[in-house]
Every structure is written in C-alpha cells, then in structure tokens.
Amino acid sequence: MCETLTKINPKMGYLLKAVRYLCRCSPGPRPSAPTSGCVVWSSRHRDRLENVNCRKLFLNTFPSLCGSPLRFLSQKADVFGTGDEAQQEKSREVAVSEQAPQSSLEMEKLDGDAQSFGVKAVLDQNEQFFNRLHKCACPSDVLDLASESAFSIKQFTNCLTTMWKLLRKMSEDQRRYEKRLIFEHPAFVRLCQQLLQHSRRMTRGDLVFSLHAVVNLGVPQNTLLVQTLLRVCQEKLNQLDNRCMSVLATTLAGMDEDKNVSALQAGLQLLVEQRLPSIRDMFILQNLMKCMGKDAPVFLKKKLEMAVWREIDHMTYPNAHRVFLGLVAMKYCSIPILNACSKKIQENIHDAPFWQLILILEACHSLQYRNIKLFSTVADYVNSVVCLLDKRQIILFLSAFESLGFQPTELMGVLAEKVTEDSEFLDLKSLLIVLRVYSRLNYIPRGQHHLFYETLHSCLNKYLPQISNTELLKAVYSLCILGYLPHRALDQLLKKDNFEELVSGDLYKEKRETMLHCVRTCMELDSPSFMKPAFVPTESFSSLVSVNLRKAREALLELLGDENMFRQNVQLPYEYHIDFEIWMDSDRKKVLPVTAADSYAEISAQRLAFLFVPPSAFCLGTTHPQGKLAMKKRHLSKLGYHVILVLNKRFQELTTEGAIEFLKGKIYSENISSFSEVNLYDNN
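The text that follows walks through the structure, step by step, so that each part is easy to find. From a predicted model like this one, the values you see are computed outputs, not experimental measurements.

### Digging into the overall build of the protein chain
Phase 1 of the analysis: When helices and strands are tallied, the protein chain shows 33 helices and 6 strands.
Phase 2 of the analysis: Split into buried and exposed, the 684 residues of the protein chain put 46% on the buried side.
Phase 3 of the analysis: By sequence separation, contacts in the protein chain at least 24 residues apart represent 73% of the contacts at least 6 residues apart.
Phase 4 of the analysis: For the protein chain, the accessible surface area stands at approximately 36,200 Å², while carbon and sulfur atoms represent 53% of it.

In structure tokens:
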C-alpha cells in the first residue's frame, strides 16, 4: 500500500520515509532504561524537527531522508548488543544531535542553491525568448517561436501584441495574406487556448493588450475567447490604470455593439468621468476623446474639453495634433482649444511630418473649422519644401485644401508646371483629383492655361477605353467648369447607352442630372460659335424677396425711387437666376425703367446683374469666386450682363446709409469687371 501511495503522490512517499525514520530513532521505553533518558532524547529530537521548514520537507527532495547518512545510522543501530542499551541510547543521542543540524543546514543550502539556479535559468530563458521575439520579421516567425519556446502567459501576450505591431506596418494586401497564415498556423490555436485558460489570472496590462491584439488580428467578436476577455475586463475594470483604460477604450471603439461591449463602454464612461481630474497625460486624454466618440454624452465631452484646456499651457506639437484628431472623433468643435492647437502647430510647422499635416487639414474639414492663418502657414511650408515632395504628395495636399475651399495659389502653380512638363505620373485617380481641385478652386495658370488644359485633356483621352461613365462625367464636368470643352470625351459621354445609364435611377441620379445640365449649358454657351443675343427673355418669379435680400431691396428703392427701375428674382434661360436686374444707358449715367426693356433692343443699353452670394461661394479668405460661381458669371457675361458680385454676409452688416452708398458706387461705376467688393470681406 505504501508503494501504491508513493506512486500516486511522490510527496506522500517523503512523508512515509520521515515517519519510518522517527520510528527507528525513537523506540518505545524498555524496563532497564531510565524513563528520563527517553524523554530527554524525544525532547531533543522534537526540537531538531521543529527547526526544519515543513514546506521544504514535503515539497523538495530531501537528501537526509532518502540518502546514505540516515540509512547508515539505522543499520548501525542494529549492531549493538542488548547488554549495552545505555551505551546504545547515548550513542544515538550523540549521533542524532550531530546529524540533525548538519542535515538541516545542508537541506537549506541545497534548496536555496536550487531556487537561485532555477530563477536564474528562468530569467535567462525569458531574456533569450524576448530577444528572439524582437528579431521576428513577420507574424509567422512569432508563432514559430511561440510553439518552440513560449511557456508563460506574459510571453503569449507579447507574442500577440508583436504580431499586431508587425501587421500594422504592412500594406493592405500583405496584411490580408499574413492574417490568413496566422489563422492556419497551429500555434495560434494554442495561443488562444492559453489566453482563454489564464484570462482571469492575467495582469491588467496583459489583459487589455491581449484583447486589443486579438480583436485587431481579426478573431471574430462572437467567439468564446473575445467574449471571455470582455467579461474579465468588466470584472477588473476598477483595477485598470489610466494607460490600460486608454488601450481598452481604443479596442472598444473598433468593435461592434453587443451586450458585453455595451456594458463595458458604459462602465468605461463612468470610470473616465471619475478619473478625468487626475489625468494629465495628453496622449491618454486624446485617446479617450477619440474612443468616447461622437455618441458620448455632451457633459462628458465638455469634461474632456476642460481636462485638455487644463493642460493647454504645456501642450507640445504632437499633443496638438492628437487633440485635433480627438475632437474629430467626438464631432466636437471647441474653438478655443482648436485655436491654441493651431498656434502650436504653426510655431512647430517645420517639425511636422507630411502625413500629420494632411490629417490636420482633414480634421479641420471634418470639424468645419476655418483658420486662414493655419492654412496659409501650411501652404507656405509645403511650397518651401515642394522639391522634396513626390508629385502625388502635392496632389494629396491640394485635395485637402480643396475640401476646405482654400486656394494655395503658389502650390497649384507648381503642380500645373509639373503636369505640363511631364504628365506621365498622372494615373486615372490622380487625374480626377487634379481636375476636381482646379475646377472647384477656379485656378487658371498664368500664361499657359491653354497648354495646361490640353495636357489634362490628352491624359483623359488616354483613359477613355477604361473609364467608367460616372468618372467620365466628373472629368468632363470639371473641364467644362474651367471653360474648356473636351470634344472626344463629350462624344463618348453623350452616346445613347452611356447617357441612359447616367440618368437611370439611384441615390445619385439628381446630382448626375445637374452635372449633365451644366455640361450641356457649357457646350452651348462656351462654344466659339455662340453669339451674344441682343435680347434675353426673362421671367420674374415674384415681388417677394427672401429675408436675406430685403435690405438690398429697400436700399435700391431708396436709391432709385421706384420699383419699376429694377427687377428682382429674375429667371433666365439655362436655369440661371439673378437677384436684381437693372438697365442703364450706354454711358452708365442713367438708370432706365425695366418696364420698357423691350424697346431697348435698338439702343446699346447695359444690363446689370446683382448676385448676392454667401462666403462659401468664394475661395476662403478671398473674393476669388469658386468654380460654379465663376462659370455662372462667365455665362451671364455671354448673355450680355455685367455681373456684380456682392458678399451678402458683409452687406447685411452695413447700416442703411452704408448699403445705399455701396450700391450707388456699384451701379454708377464705370469699371465693374474687377472685384472691388474685396473691402467687404474680412480676411481674418
């Protein structure tokens, strides 16, 4: 039975050997032996045993119990004769007294040496493992290493995070391929099993980083592994430090809604609200702003704003960039913070990487934040280093500026020269971006605009066999806005099959029909064969004017004295509309009644068209009209009108006397072709 117990549990064997040793060393009292001697020996032996650590006795292999010294002692005890019991007892006392301390010291020394050696071996093994892990070049290398050497949960966690870091640096196609290899690798299953098994014993850092890596590696959210990690995160939520809280928020922001995610997000919001006063790390604040997202409660957004504002004096350029992105994620435009961030970015513009400047411009577009000084600083800096940039990088900058309605004149001139010199770098996507940017911002290269348009037209012709009808419409529309008619592309666009496909019903049908109408109008009015008509039929919608034009109408009545001296809400052919129409004699000295307009065909009367337009119709910070407004002005001029553009926002700020004087200067001015209304625009 003893042998059976020993086989079942080796520690039980050690216990039995210890009991046998005690039995041999302390036999029962005999008549010839004094009782006191036995008691003294037992007492002594008990003292020696009490000095031995019982945990070491039963958990470690103890040489004194199973080695030669004790076997030798028990064998020697049987040699003594029965008449020498007193001497035998005395000898036993001396032997045990000498042996017990020696055995105890040997045990502690050997056990300490074994533990030191074990710790050193584990540390060496850990160091070797992590050194090899840092040298892995792809996720498959990491999994091979994990299958060979990983034995602790810390190592498994680091394997996962390393795989995600390696994947993040790869291209989209390479990432897709490597993910497939990961899920096919047998070691990945073992990694996931280890995470599942030890999830509740992980440290808080290992827990949140493992969840982050698993989710980003593409493990489905409805798997037992992901859901278990989410549940454990809920249990340990209050134990997370600020950094772990930030990582968890990042992970949840990229996950779909389910019960565990929603519960964890709700708990995280409460935790963020509780800890915000103590968070000083701008990176963590930005990350929390980003991860709380647009659905965060307004009060939490305001608290995050205040937490950022508290650290605004210590803000560095990287922090300013991160805050921009955080505000974008929350869809929360805090003008004071954005102004402070913009100032910091302008001061450190030379330290800004290319891609960060692009992200900042895109953030301004998302937040509808307009800062002309910031945009001008970025444009000037990019123009100063344009020789170091790839042509496609310049196109990306121009695309970002175009979304803001800001015209970086010098940069656009540089790209126009590069396109004119060599257009081979323009693929179809880049060509469409260039056409959109130059048409919307209404940029016409000085002295070489015809050559520039011809170059773009030539590039477009090259892609005609492969371009889709929608892309073709966008390209033709952009060239038409610039006043250039690409005849070959127009022929392909207006073929019956292509045209019917464009006007077929879907979400963007109305937008395409508007673009087609614009193309047809340009084909007629911008054609070299078009002749200015002597008379243009007009139609007045009604005498009612919008609230925005009421002040202008009252000023015209005060200035001209009669409603018959002007017309309002005038509808022209080609679906063009003007706010006010005034007829004058050829010398621009006298205003003529509009009721007798039919009789002015034989005289050289002049027609004035007043357009009261919003700031968004101009390039940001200027009175340079954007593409659609410039096209309308060009077409109205073709129809015989002198077009006067008025920035309505600034006009509404004038006093009644100021409005009358402004209109008087416009009506009786001999030179109305220039944009003299610049004095109405606040460039700041």
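### Let's talk about the environment of lysine 343
Phase 1 of the analysis: Mapped onto the fold, lysine 343 is located in helix H19 (residues 335–347).
Phase 2 of the analysis: Note on lysine 343: relative accessible area 54%, which makes it exposed.
Phase 3 of the analysis: Along the chain, lysine 343 and leucine 374 lie 31 residues apart, while their C-alpha atoms are 7.7 Å from each other.

### Topic: the packing of aromatic side chains
Phase 1 of the analysis: The final tally for this structure, using the stated rule, is 14 aromatic pairs.
Phase 2 of the analysis: Centroid distance phenylalanine 452 to tyrosine 453: 6.0 Å. Interplanar angle 50°. Geometry classified as tilted.
Phase 3 of the analysis: On the basis of relative accessible area, phenylalanine 452 is assigned to the buried category, the value being 0%.
Phase 4 of the analysis: Overall, tyrosine 453 belongs to the buried group, its relative accessible area being 4%.
Phase 5 of the analysis: Here the aromatic rings of phenylalanine 651 and phenylalanine 662 are separated by 5.9 Å at their centres, their planes lie at 55°, and the arrangement is tilted. Taken together, the positions of phenylalanine 651 in helix H32 (residues 648–652) and phenylalanine 662 in helix H33 (residues 656–667) put the pair 11 residues apart, joining distant regions of the chain. Assigned by exposure class, phenylalanine 651 and phenylalanine 662 land together as buried.
Phase 6 of the analysis: Stacked on the ring of tyrosine 641, the Lys or Arg arginine 607 has its end atom at 4.8 Å from the ring centre.

### As for the packing of helix H12 (residues 204–217) against helix H14 (residues 242–253)
Phase 1 of the analysis: Contact geometry for H12 and H14: axes closest at 9 Å, N-to-C directions at 20°. In terms of their interaxial angle, H12 and H14 are classed as roughly parallel. When you trace H12 past H14, the crossing you get is left-handed. Contact residues: Arg204, Gly205, Val208, Phe209, Leu211, His212 and Val215 in H12; Arg243, Cys244, Val247, Leu248, Thr250 and Thr251 in H14.

### Some points on the pattern of salt bridges
Phase 1 of the analysis: Tallying each qualifying case throughout the model produces 18 salt bridges.
Phase 2 of the analysis: In this structure, lysine 154 engages aspartate 206 in a salt bridge whose closest nitrogen and oxygen atoms are separated by 3.2 Å. Remark: aspartate 206 occurs in helix H12 and lysine 154 occurs in helix H9 (residues 153–168); sequence separation between them is 52 residues.
Phase 3 of the analysis: Salt-bridge contacts for arginine 280 lead to glutamate 311; the nearest nitrogen and oxygen are separated by 3.3 Å. Residue arginine 280 is located in the loop between helix H15 (259–275) and helix H16 (282–292), and its partner glutamate 311 is located in the loop between helix H17 (298–310) and helix H18 (317–330); the two are separated by 31 residues in the primary sequence.
Phase 4 of the analysis: Overall, the relative accessible area of 47% leaves arginine 280 in the partly exposed class.
Phase 5 of the analysis: Overall, the relative accessible area of 11% leaves glutamate 311 in the buried class.

### Concerning a positive patch on the surface
Phase 1 of the analysis: Taken together, the side chains of Lys165, Arg168, Lys169 and Arg243 present a region of like positive charge at the surface.
Phase 2 of the analysis: Relative to the helices and strands, lysine 169 is located in the loop between H9 and helix H10 (172–184).
Phase 3 of the analysis: Here lysine 169 falls in the exposed class, since its relative accessible area comes to 73%.

### Details of the nonpolar core
Phase 1 of the analysis: With 171 residues, the main nonpolar core has Phe188, Leu248, Phe324, Phe397 and Tyr438 as its most contacted residues.
Phase 2 of the analysis: If we ignore the near neighbours within four places in the chain, the residues touching phenylalanine 188 are Leu143, Leu160, Met163, Ile182, Phe183, Leu217 and Val219.
Phase 3 of the analysis: If you look at the next biggest cluster of nonpolar residues, it comprises 23 residues, including Val545, Leu549, Met565 and Phe612.

### Description of the side chain of aspartate 206
Phase 1 of the analysis: Looking at aspartate 206, the relative accessible area reads 6%, which means it is buried.
Phase 2 of the analysis: Side chain to side chain, aspartate 206 and lysine 154 meet in a polar contact 3.2 Å long.

### Some remarks on the pairing of strand S3 (residues 577–584)
Phase 1 of the analysis: The buried fraction of S3 is high, at 7 of 8 residues.
Phase 2 of the analysis: Pairing of strand S2 (residues 567–571) with S3, which is carried by 4 bridges, proceeds in the antiparallel orientation. If you follow arginine 567 over to S3, its bridge partner there is glutamate 581.
Phase 3 of the analysis: Connecting S2 to the next strand, S3, in antiparallel fashion are 5 residues, including tyrosine 574 with a positive phi near 65°.
Phase 4 of the analysis: Pairing of S3 with strand S5 (residues 606–613), which is carried by 5 bridges, proceeds in the antiparallel orientation. Bridging from a neighbouring strand, isoleucine 582 pairs with leucine 608 of S5.
Phase 5 of the analysis: For S3 and strand S4 (residues 591–592), the ladder comprises 2 bridges, and the chain directions are antiparallel. Each bridged residue has a counterpart across the sheet, and for methionine 584 the counterpart in S4 is valine 591.

The rules behind the values
- Residues numbered from 1 in each chain as written.
- Predicted model: local features only at pLDDT ≥ 70, side-chain atom pairs only at ≥ 80, totals over all residues.
- Heavy atoms only, no water.
- Helix = DSSP H or I, 4+ residues; strand = E, 2+ residues; numbered from the N terminus.
- Buried < 20%, exposed > 50% of the residue type's maximum accessible area, 1.4 Å probe, protein only.
- Contact = heavy atoms within 4.5 Å.
- Areas by Shrake-Rupley, 256 points an atom, 1.4 Å probe, with all protein chains shown as cover.
- Phe/Tyr/Trp six-rings, centres within 6.5 Å; stacked < 30°, edge-to-face > 60°.
- Lys NZ or Arg CZ within 6 Å of the ring centre and 35° of its normal.
- Axes fitted to C-alpha atoms, helices over the stretch in contact; angles between N-to-C directions.
- Parallel < 35°, antiparallel > 145°, perpendicular 65-115°, else oblique.
- Left-handed = near helix turned anticlockwise from the far one by under 90°.
- Salt bridge = Lys/Arg side-chain N within 4 Å of Asp/Glu carboxyl O.
- Patch = residues over 30% accessible without salt bridge, like charges linked within 9 Å, V, L, I, M, F, W, Y side chains within 5 Å.
- Lys, Arg positive; Asp, Glu negative; His and termini not counted.
- Charge placed at Lys NZ, Arg CZ, Asp CG, Glu CD.
- Core = buried A, V, L, I, M, F, W, Y, C linked by side-chain atoms within 4.5 Å.
- Polar contact = N/O pair within 3.5 Å; in protein donor to acceptor, adjacent residues only side chain to side chain.
- Pairing = 2+ DSSP bridges.

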